[in-house]
Amino acid sequence: MILRTLRLRSFRAHDETTVELRPKVNLLHGANGVGKTNVLEAIHYVCLTKSFTATNDRYVVRQDAPYFEVEGLFEGVRSTETRVRLVYVPSEGKKVFVNGAPLDRLTEIVGMLPVVVFSPEDHALTAEGPSERRRFLNNILSQARPVYMDDLMKYRRARKQRNEVLRQYKKRPSPPPDALIEPWTEKIIMIGSRVIHRRNQFLHTFREYLVDAYERIDAVAEEPTIEYDTIDAFEESTTESEIQKAFRSEVERKREHEHQRGTTLVGPQRDELVFRLDDLEVRRYGSQGQHRTFAMALKLAQYLYLTDRLDTQPILLLDDAFGKLDARRTDVFLELLMSDVIGQSLITATRRSPFAKTIDFDRPTHGSMHVTRVDGAARVTPEQNRGDDASTEDASGTATTVPESPVQEQQT
Amino acid sequence: MQFTSESVEALVEQFTKLPTIGRKTAQRLVNFVLKMPREEVEEIARALIAVKDQVQRCSTCFVVADRDPCPICSSEKRDRSTICVVEESSDLLAIERTGEYRGLYHVLGGVISPLDGVGPDDLRIRELARRVDPSFADSEAANVSAADAREAAESGEAGPPEVGDEPHAGDGAPAPDDADGADGAGEDEEAEVEEVILAVNPNVEGDTTAYYISQLLEPMGVPVTRIARGLPIGGDLEYADEATLSRALEGRGAV
Ligand SMILES: [Zn+2]
């Protein structure tokens with residue numbers, strides 16, 4: 001799957017921007033804060049209806065603008081050309097149009113345009129609380145299986161309802177009567193077990209993708225593993241009804257505890273993933289370098305898994321992902337981006353030069369763009385390939401007026 | 001936003017009380033009303049009052065109707081052995097439009113939703129149980145109502161449950177206290193109920209309500225089936241097209 005053209009209107013720093021993209025590596029370089037990341041965010045909105053940073057849609061609308069709009073023209077999705085447009089109006093919410101037709105539900109788009117993001121926030125995956133890891137899990141599974149996301153949303157709703165019943169009885173001497181709580185307990189067991197079953201099966205499969213990814217970016221012979229810490233220890237072959245049974249007995253066991261706390265204490269909302277390198281638990285004992293490599297391996301494994309599962313290569317978004325990488329890993333990764341393993345990718349960085357050494361921007365498959373601020377709005381200027389210059393016009397055009405300018409790094 | 005006219009602002013506020021109407025839409029509606037001829041505005045106002053004053057509920061199936069019992073419950077041509085359970089009167093109309101269903105109905109008045117302060121006893125579930133089995137006693141149902149639970153919440157630290165944008169049980173007439181209407185169309189031998197079809201919406205609250213009802217009716221030995229499996233996920237019964245609804249009615253399955 002290739003994103004050909006991206007259009008942003010009133011999106012963060014962008015007033016009105018059109019970006020033409022190449023099928024392989026696309027570099028967006030420019031000073032910090034000019035609006036490079038916004039371009040990646042816009043792609044994320046088109047593919048998954050939201051940003052990859054925790055952000056309120058309201059703040060994405062450019063100041064004084066009534067709404068924002070992003071549109072992507074894709075090749076190789078279902079038909080030859082797919083035009084996806086997302087509009088957000090603060091008082092009315094988001095709407096997605098595919099080839100002009102509005103979707104009934106936003107989530108219908110998820111999984112159709114797979115996307116994987118590398119960003120500085122990835123360190124939270126291995127370093128911070130369990131919710132980061134559950135979010136990672138949910139992101140992959142939602143893109144891989146639309147029903148998963150549907151179950152997840154239903155589960156959240158049922159749990160909220162059940163929590164309300166428990167909350168009402170928190171201060172009472174006895175727990176809620178069966179007639180009030182039991183239908184909700186049954187509901188969370190049924191849907192929750194489905195969620196856990198999918199996660200369990202996925203994690204068993206994902207293991208080999210992680211090993212593969214780790215080997216690709218680090219020559220060290222440590223073996224990465226993921227342990228799934230949920231209501232019980234399950235085998236790959238554990239069935240959904242066995243999980244239901246375990247779920248049911250856990251709820252029974254925690255009954256009094258749930259009454260005291262006034263909330264649901266059993267279920268996939270409490271799942272945790274434990275990452276290890278051989279026997280070493282990364283979160284507690286991993287070095288800086290091990291954290292970084294593990295997080296990268298997780299994202300690369302996500303990419304490889306989605307490629308297999310969806311039979312198309314996701315778009316890879318690398319937001320300032322090379323800033324802290326050493327030269328060796330940077331090279332390994334750039335080689336990967338140019339290989340067949342990765343399809344189309346977009347990179348944001350402050351400078352062009354470290355990439356120009358490895359990536360031949362003269363080839364028509366790659367492209368580089370310079371992002372600047374002009375009159376308070378972001379401007380994306382494509383830098384012509386030398387090959388293009390020779391064949392079309394003299395180098396007196398845009399290529400000379402927009403040189404790569406490390407000077408501008410001093411801004412902000 | 002400030003209005004120069006207080007009555008405009010007042011009407012905007014009134015409109016926003018309606019479900020799915022935000023301030024922006026309310027302002028649009030007010031602008032429209034301002035341009036309407038006075039007679040048309042009066043018609044709307046009269047229709048609003050009439051709906052409250054003249055419309056009543058059928059004491060058997062609780063559909064909104066101009067008379068009690070309603071035309072469906074009093075019709076000789078309907079199959080009295082089947083009851084189709086719906087959330088609201090509008091769902092009943094949607095199913096009637098398909099022309100496929102010849103049985104009777106039962107309007108619950110919403111779905112179980114603790115977040116909206118709606119428990120099983122706030123719906124007409126006991127009334128349904130009594131229609132299926134006239135010997136059904138209240139004690140067999142949930143002894144604890146959600147009203148009880150609300151009391152508990154208020155006496156505790158936490159405030160009353162939040163009421164959502166769309167109150168499910170708040171559609172007017174309260175359910176009768178006694179079983180006075182439960183015998184339906186008269187003193188004649190009522191035909192036995194042989195099937196209960198649950199046509200609640202296929203969402204989390206609808207599923208849970210269906211589960212609750214099927215558990216309650218199970219000891220009565222009457223098969224309980226559920227339609228709406230053919231409906232799109234998250235789809236609303238009221239807005240489903242007739243063909244889809246007809247297929248869903250045919251393909252109903254056990255709960
Ligand atoms: Zn009736």
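Note on numbering: residues in each chain are counted from 1, in written sequence order. Here chains are named by letter from A upward and ligands by number from 1 upward, in the order in which they appear as written. With pLDDT at 70 or above as the cut-off, local features in this predicted model cover only qualifying residues; side-chain atom pairs require 80 or more to be listed or tallied, and sums for whole chains, interfaces and linings still use all residues.

Participant: Could you give an account of the overall build of chain A, naming the residues involved and the relevant values?
Facilitator: Each helix is a run of H or I in the DSSP string that is no shorter than four residues. Each strand is a run of E no shorter than two, and both are numbered from the N terminus. If you tally the helices and strands in chain A, you get 13 helices and 15 strands. The atom set for the radius of gyration is the C-alpha atoms, and the globule formula is 2.2 Å times the number of residues raised to the power 0.38. Relative to the compact-globule value of 22 Å for 412 residues, chain A shows a C-alpha radius of gyration of 24 Å, a close match. Considering only C-alpha atoms, chain A reaches an extent of 85 × 55 × 40 Å along its principal axes. Residues classed as buried in chain A amount to 42% of the 412 residues present. Across chain A, contacts joining residues at least 24 apart in sequence account for 70% of those joining residues at least 6 apart. Exposure in this text rests on C-beta crowding, where 20 or more other C-beta atoms within 10 Å of a residue's own make it buried, 12 or fewer make it exposed, and counts in between make it partly exposed. The C-beta atoms are placed from the backbone. Each residue is represented by a C-beta atom placed from its backbone, and any two residues with such atoms within 7 Å are regarded as in contact.

Participant: Run through unusual backbone geometry, naming residues and quoting values.
Facilitator: Of note, the bond from Asp 68 of chain B into Pro 69 of chain B is cis; its omega dihedral lies within 30 degrees of zero at 0 degrees. Residue position: Pro 69 of chain B is located in the loop between strand E2 (64-65) and helix H4 (71-74). Phi is positive for Asp 375 of chain A, which is not a glycine, with a value near 50 degrees. Along the chain, Asp 375 of chain A turns up in the loop between strand E14 (367-374) and strand E15 (377-383). Positive phi, close to 65 degrees, is recorded for Thr 20 of chain B, a residue that is not glycine.

Participant: Now, about helix H1 (residues 36-48) of chain A: what can you tell me, with residues and values included?
Facilitator: End to end, H1 of chain A covers 19 Å across 13 residues, agreeing with the expected 18 Å (1.5 Å per residue, within 8%). Two residues or fewer after H1 of chain A comes Thr 49 of chain A, characterised by a positive phi angle close to 65 degrees. Expected span of a helix: the number of residues minus one, times 1.5 Å.

Participant: Let's hear about the nonpolar core: which residues, and what values?
Facilitator: Counting 103 residues, the largest nonpolar core has Ala 42, Ile 43, Val 46, Val 115, Ala 297, Ala 301 and Leu 317 of chain A as the members making the most contacts within it. For this core, the leading source of residues is helix H5 (residues 178-217) of chain A, giving 13 residues. Where each domain begins and ends follows an automated or database-derived domain assignment. There are two domains that each give this core at least three residues, and those are domain 1 (1-114 + 312-412) and domain 2 (122-302) of chain A. Each nonpolar core comprises buried Ala, Val, Leu, Ile, Met, Phe, Trp, Tyr and Cys residues, the members being joined through C-beta atoms within 7 Å. Among the nonpolar cores identified, the runner-up in size contains 41 residues, and Cys 61, Val 86, Leu 198 and Val 224 of chain B belong to it.

Participant: Which residues make up the packing of H5 of chain A against helix H9 (residues 288-310) of chain A, and what are the values?
Facilitator: Residue and element names in this part refer to chain A. As a rule, the C-alpha atoms of each element are fitted with a line to give its axis, helices using only the stretch in contact, and angles between N-to-C directions run from 0 to 180 degrees. In contact at an axis separation of 8 Å, H5 and H9 are set at 120 degrees when each is read in the N-to-C sense. Looking at the two axes, H5 sits oblique to H9. Crossing of H5 against H9: the hand is right-handed. Contact residues: Phe 206, Tyr 209, Leu 210, Asp 212, Ala 213, Tyr 214, Arg 216 and Ile 217 in H5; Thr 293, Met 296, Ala 297, Leu 298, Leu 300, Ala 301, Leu 304 and Tyr 305 in H9. Roughly parallel here means an angle under 35 degrees, roughly antiparallel means over 145, roughly perpendicular means 65 to 115, and every remaining angle is called oblique. Here a crossing is called left-handed whenever its near helix is offset anticlockwise from the far helix by less than a right angle, and right-handed whenever the offset is clockwise.

Participant: Mind laying out the environment of Leu 86 of chain A, listing which residues take part and the relevant values?
Facilitator: Residue and element names in this part refer to chain A. For Leu 86, the position within the fold is in strand E5 (residues 81-89). With 11 residues separating them along the chain, Leu 86 and Phe 97 place their C-alpha atoms 6.4 Å apart. Leave out the neighbours within four places in its chain, and Leu 86 touches Tyr 45, Val 46, Thr 49, Val 70, Lys 94 and Val 96.

Participant: Tell me about the domain arrangement of chain A, and please be specific about residues and values.
Facilitator: Residue and element names in this part refer to chain A. By domain assignment, chain A separates into domain 1 (1-114 + 312-412) and domain 2 (122-302). Facing the nine residues of domain 1 at the interface are eight residues of domain 2. Residues are grouped as follows: nonpolar covers Ala, Val, Leu, Ile, Met, Phe, Trp, Tyr, Cys and Pro; charged covers Asp, Glu, Lys and Arg; every other residue, Gly included, is treated as polar. Its residues placed into classes, the side of domain 1 that touches domain 2 shows five nonpolar, two polar and two charged.

Participant: Can you tell me about the packing of H5 of chain A against helix H6 (residues 240-253) of chain A, naming the residues and giving the values?
Facilitator: Axis angle and axis distance: for two packed helices, these are the angle between their axes and the distance between the axes, and together they describe the pair. Residues and elements named next belong to chain A. Where H5 meets H6, the axes come as close as 9 Å, and the angle between the chain directions of the two elements is 130 degrees. The angle between the axes of H5 and H6 places the two elements in the oblique class. Note that H5 runs across H6; the crossing there is right-handed. Side by side, H5 and H6 meet where Thr 185, Ile 189, Gly 192, Ser 193, Arg 194, Ile 196 and His 197 of the first sit next to Glu 240, Ile 243, Gln 244, Phe 247, Arg 248 and Val 251 of the second.

Participant: Which residues make up the sheet that holds strand E10 (residues 272-277) of chain A, and what values go with them?
Facilitator: Residue and element names in this part refer to chain A. The sheet built from three strands is open, its strands ordered E9-E10-E11 with antiparallel pairing. Strands at the two margins of the open sheet, each flanked by one partner only, are strand E9 (224-229) and strand E11 (280-281). At least two DSSP bridges between two strands are needed for those strands to be called paired. Direction of pairing for E10 relative to E11: antiparallel, over a ladder of two bridges. Residue pairing for E11: Arg 276 is matched across the bridge by Glu 281.

Participant: Tell me what's going on with the confidence of the model for chain B, and back it up with residues and numbers.
Facilitator: Residues and elements named next belong to chain B. On a scale of 0 to 100, pLDDT captures the predictor's confidence in every residue. With 67% of its residues at a pLDDT of 70 or more, chain B has an overall mean of 79. The secondary-structure element of chain B with the lowest mean pLDDT is helix H7 (residues 146-155), recorded at 47, while strand E4 (residues 103-107) shows the highest, at 97. Predicted confidence for residues 140-147 stays below pLDDT 50, and this span has 19 contacts to residues more than four positions away or in other chains. A low-confidence stretch, residues 149-188 stays under pLDDT 50, and its non-local contacts, those more than four residues away or across chains, total 66 contacts. Here the predicted complex carries an ipTM of 0.79, next to a pTM of 0.80.

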